[in-house]
Amino acid sequence: MRALLNVLMSGWVFWMNVGFADEFPFGKDKWRIEEAYESRADCHQARADSMKKSIETLSENGIAVKIFPALLIHSGQDGRAFFSHYYCLPAELDPRPRG
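No experiment lies behind these values; they were computed from the predicted model shown.

K.L.:
What should I look at first to understand the pattern of salt bridges in this one?
P.N.:
For side chains bearing opposite charge, pairing can occur when the charged atoms are close. This structure, assessed with the given rule, holds 2 salt bridges. Two residues, Glu-34 and Arg-32, come together in a salt bridge whose shortest N-O distance is 2.4 Å. On the basis of relative accessibility, which here comes to 32%, the residue Glu-34 falls in the partly exposed class. Overall, the relative accessible area of 39% leaves Arg-32 in the partly exposed class. Across the salt bridge formed by Arg-96 and Asp-94, the nearest N and O atoms sit 2.6 Å from each other. Residue class for Arg-96 comes out partly exposed when judged on its relative accessible area of 42%. On the basis of relative accessibility, which here comes to 39%, the residue Asp-94 falls in the partly exposed class.

What counts, and where the lines are drawn
Residues numbered from 1 in each chain as written. Predicted model: local features only at pLDDT ≥ 70, side-chain atom pairs only at ≥ 80, totals over all residues. Heavy atoms only, no water. Salt bridge = Lys/Arg side-chain N within 4 Å of Asp/Glu carboxyl O. Buried < 20%, exposed > 50% of the residue type's maximum accessible area, 1.4 Å probe, protein only.

As structure tokens, then:
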């Protein structure tokens, strides 16, 4: 409940969407809110920090990572391509598909 209240009181929400690249639609049901922030700059800093930490963890485990703005692609446990999208969106936008 506190997380929801924090999102409603904030201006920006840091979302993640993860899944396998061969799924369609990509990561449809795998959206999650990481945190909410008052400013766009704070949200983007948290996104950058989170991506950096993920890259470091994957690299330490010998997993090659392709890095794009707001997107990481790497091999999953079964060798399938796995992606992680990192988004900062205004609090009033919900990127999850409807229906």
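Let's pick the thread back up.
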